[in-house]
Amino acid sequence: MALHTVEKIGGTSMSNYPAVRDNIIQINRSQAQMYNRVFVVSAYGGMTNRLLEHKKTREPGVYALFANNDSDWQWSEALTDTAKAMREFNATLFEQPHLLKQADQFITERMEGIRSCLLDLQRVCSYGHFQINEHLATVREMLAGVGEAHSAFNTALLLQSEGINARFVDLSGWREPDNLPLDEKIISVFSRYDLANEMPIVTGYTQCEEGLMNTFDRGYSEITFSKIAELTEAREAVIHKEYHLSTADPMVVGEQNVKPIGRTNYDVADQLSLIGMEAIHPKAAKGLRKKNIPLRVKNTFEPDHDGTLITNDYRSKTPRVEIIAGIRHVYAVNVFDQDMVGEPEQFLEIQKLVMEFNVPLLAKEHNANTVTLYLDTGLKVVKRIQARLERHFPNAEMSSRKVAMVSVIGSDMNVPGILASLSTALAAKNINIMAIYQSIRQVDVRIVIEEDHYEMTIAALHEALIEEHRYTVSVAS
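Quick caveat: nothing in here was measured; it's all calculated off a predicted structure.

A. Seen up close, the overall build of the chain. In terms of helices and strands, the chain carries 18 helices and 14 strands. For the chain, the C-alpha radius of gyration of 24 Å lies close to 23 Å, the compact-globule estimate for 477 residues. For the C-alpha atoms alone, the extent of the chain along its principal axes is close to 65 × 60 × 35 Å. Looking at the chain as a whole, 54% of its 477 residues qualify as buried. Expressed as a percentage of contacts within the chain between residues at least 6 apart in sequence, the contacts between residues at least 24 apart total 75%. Accessible area of the chain: about 22400 Å², with a carbon and sulfur share of 48%.

Shown next as structure tokens:
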């Protein structure tokens, strides 16, 4: 095991350079404490939305406009606006004119290079022998990478002006002749650096033979982060967020009622990722877990707090609930077919058809004649899914409805009566449980409720199972 840490800084934190400098980098550290740290950075908040599409609203960015190809000028104009927004952000970071000039020249060169590339691609594909759809994945990766290159270059430049031996490490593949496999590329790049005396500031996007976005889409920065930690055998992997990994969302239950989790394991992290509250992408955690590298989640704005340490071997001393989390805007797709009885392969066929739409499956259930799949997607996709299922199963009854899902999670929840406490707490608030699931491993309970009851459910369960400690039993009992 090496001496260094690999640390990821999220987009919201990156947008606040003073916080990054003072709370994460901590430039007043001694020389001995300053190095042996690798920082993997996300794009500044909102920039990837401009470059691709808005993550939540799906408002088109440069990529979406280019892919739809409604008009040549729309994507080009969006690229111009994004470059302008990047330079305007530069102006908030750099007080010294010569540094601002360097930062602006860097991003202008990248953005104009992208414009030339996209125009050439359109020109080549206009002849018909080349299809633009075959190149869209590469276009998406190129556009995503420039966001991280922008933030990494700026951060390295700012730190160098503070007297720190920072190094801009560009994994985005800009003008590189070779497209190496991910592992080979990371090993090759990091063999050039002396971590005891240099501080790499690394792009969260890595261009590689596998194509990160094909598999992980916008979770690519966590894959880069975890792979660097794994392949360099880091002492610890650290994620800096703008909040603690807490017992619940403080915006829902109140900051005064939540507390940082402190310790948990990778199993709990996996359960959180299933409902979109990612401590880390589950595929990113895989390498850390196998190499037994601890993961720490820290709050950027509380640098002296130890945060939450995630390890393989942690198990709570007494069975208890550690976190209440959930996800809104879930669609329950229901297939009822009286002829399904005694035909178990029909359930598998339904699931396979739905999974071809590449949507996150949060949970599934079936009985003798009904299958229900809970999907994290939008109404348009749900309608397409229903249409396909109706074609394959013309005698079945299809329905869908919007619901919410709330999970009660802990590293050991082998607590007699936990379901009774949970049900009582919700009944007291007049909240109906539409469906409920408890795994035999006793690490999570998932509840399906009306979407309008989402916040009430989280608050009620947090109060009953965490604030009032009804979840706890002694090991002896």
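Here the narrative resumes, following the displayed structure.
B. Broad picture of the packing of aromatic side chains. Following the criterion strictly, the structure yields eight aromatic pairs and no others. Ring centres of Phe153 and Phe168 lie 5.5 Å apart, and the angle between their planes is 90°; this geometry places the pair in the edge-to-face category. Separated by 15 residues along the polypeptide, Phe153 in helix H8 (residues 136-161) and Phe168 in strand E3 (residues 166-169) bring together distant segments of the chain. Phe168 gets classed as partly exposed once you look at its relative accessible area, which sits at 23%. With a centroid separation of 6.2 Å and an interplanar angle of 70°, the aromatic rings of Tyr374 and Tyr437 are classed as edge-to-face. You can see Tyr374 sitting in strand E11 (residues 370-375) and its partner Tyr437 sitting in strand E13 (residues 435-438), a full 63 residues away along the chain. Through successive ring pairs, a cluster of aromatic residues spans Phe106, Phe153 and Phe168.

C. View of helix H16 (residues 379-392). The end-to-end C-alpha distance of H16 is 20 Å, a good match for the 20 Å that 14 residues give at a rise of 1.5 Å each. Where H16 is buried, its residues touch strand E9 (323-336), helix H15 (344-355), E11 and strand E12 (397-409).

D. Geometry of helix H18 (residues 454-467). Taking 1.5 Å as the rise per residue, H18 with 14 residues should run 20 Å; its terminal C-alpha atoms sit 18 Å apart, in good agreement. Taken as a whole, H18 has its buried residues at Tyr454, Thr457, Ile458, Ala460, Leu461, His462, Ala464, Leu465 and Ile466. Next to the buried residues of H18 lie helix H12 (250-253), E9, E12, helix H17 (418-428) and strand E14 (444-450).

E. View of the packing of helix H9 (residues 182-190) against helix H11 (residues 220-231). Relative orientation of the contacting elements H9 and H11 amounts to 65°, with a least axis distance of 10 Å. Judged by the twist between their axes, the crossing of H9 over H11 is right-handed. Taken together, the residues of H11 that come into contact with H9 (itself represented by Leu182, Asp183, Ile186, Ile187 and Phe190) are Ile223, Lys227, Ile228 and Leu231. Of the residues that constitute the contact of H9 with H11, the class distribution is seven nonpolar, no polar and two charged.

F. Quick look at the sheet that holds E14. Overall, antiparallel pairing links the six strands, which are arranged E10-E11-E9-E12-E14-E13 in an open sheet. Lying at the two open borders of the sheet, with one neighbouring strand each, are strand E10 (361-366) and E13. With strand direction ignored, the average angle separating the axes of adjacent strands in the sheet is 25°. Of the strand pairs in this sheet, E10 and E11 are connected by five bridges, and their pairing is antiparallel. Bridging across to E11, Glu365 finds its partner in Thr372. Of the strands in this sheet, E9, E10 and E11 are in contact with H15, which crosses E11 at around 25°.

G. Fine view of the side chain of Ser246. Position of Ser246 among the secondary structure elements: in the loop between strand E5 (236-241) and H12. Classification of Ser246 as buried rests on a relative accessible area of 7%. When residues no more than four places from it in sequence are discounted, the contact partners of Ser246 are Val258, Lys259, Pro260, Ile261 and Ile323.

H. Structural view of the sheet that holds strand E4 (residues 199-203). The eight strands lie next to each other as E3-E4-E2-E1-E5-E7-E8-E6, forming an open sheet whose pairing is mixed. What marks the edges here is a single partner per strand, and that holds for E3 and strand E6 (263-265). Averaged over all adjacent pairs, the angle separating strand axes in this sheet is 20°, with direction ignored. Two strands pair when backbone bridges link them, and strand E7 (residues 295-299) and strand E8 (residues 308-311) are joined in this way by three bridges, in the antiparallel orientation. Following the sheet pairing, Leu295 is matched in E8 by Ile310.

I. The nonpolar core, seen in detail. Among the nonpolar cores identified, the biggest contains 107 residues, and Met111, Leu143, Met199, Ile201, Ile228 and Tyr374 are the most heavily contacted of them. Ranked by residue count, the leading element in this core is H8, at 12 residues. Those residues in contact with Met199 that lie beyond four places of it in its chain are Ile25, Met34, Tyr35, Arg37, Phe39, Leu159, Ile164, Asn165, Ala166 and Arg167. Counting residues in hydrophobic clusters, the runner-up holds 26 residues, among them Val321, Ala404, Leu422 and Ala425.

J. Main features of the pattern of salt bridges. Summed over the entire model, instances satisfying the criterion amount to 19 salt bridges. Here Asp22 and Arg21 are joined by a salt bridge, their closest N and O atoms 2.9 Å apart. Under the relative-accessibility criterion, Asp22 is labelled partly exposed at 39%. When salt bridges that share partners are traced, they join Arg21, Asp22 and Glu162 into one network.

K. Expanded view of the side chain of Gln442. Within the secondary structure, Gln442 sits in the loop between E13 and E14. Excluding residues within four positions of it along the chain, Gln442 makes contact with Gly410, Asp412, Met413, Asn414 and Val415.

L. View of the pairing of E14. Among the seven residues of E14, six are classified as buried, and the element is accordingly described as predominantly covered. Direction of pairing for E12 relative to E14: antiparallel, over a ladder of seven bridges. Residue pairing across strands places Val403 opposite Glu450, the latter belonging to E14. Between E13 and E14, which pair antiparallel one after the other, the connecting turn spans five residues, and Gln442 there sits at a positive phi close to 65°.

Rules behind the numbers
- Residues numbered from 1 in each chain as written.
- Predicted model: local features only at pLDDT ≥ 70, side-chain atom pairs only at ≥ 80, totals over all residues.
- Heavy atoms only, no water.
- Helix = DSSP H or I, 4+ residues; strand = E, 2+ residues; numbered from the N terminus.
- Rg over C-alpha atoms; globule rule 2.2 N^0.38 Å.
- Buried < 20%, exposed > 50% of the residue type's maximum accessible area, 1.4 Å probe, protein only.
- Contact = heavy atoms within 4.5 Å.
- Areas by Shrake-Rupley, 256 points an atom, 1.4 Å probe, with all protein chains shown as cover.
- Phe/Tyr/Trp six-rings, centres within 6.5 Å; stacked < 30°, edge-to-face > 60°.
- Expected span 1.5 Å × (residues − 1).
- Axes fitted to C-alpha atoms, helices over the stretch in contact; angles between N-to-C directions.
- Left-handed = near helix turned anticlockwise from the far one by under 90°.
- Nonpolar A, V, L, I, M, F, W, Y, C, P; charged D, E, K, R; others polar.
- Pairing = 2+ DSSP bridges.
- Core = buried A, V, L, I, M, F, W, Y, C linked by side-chain atoms within 4.5 Å.
- Salt bridge = Lys/Arg side-chain N within 4 Å of Asp/Glu carboxyl O.

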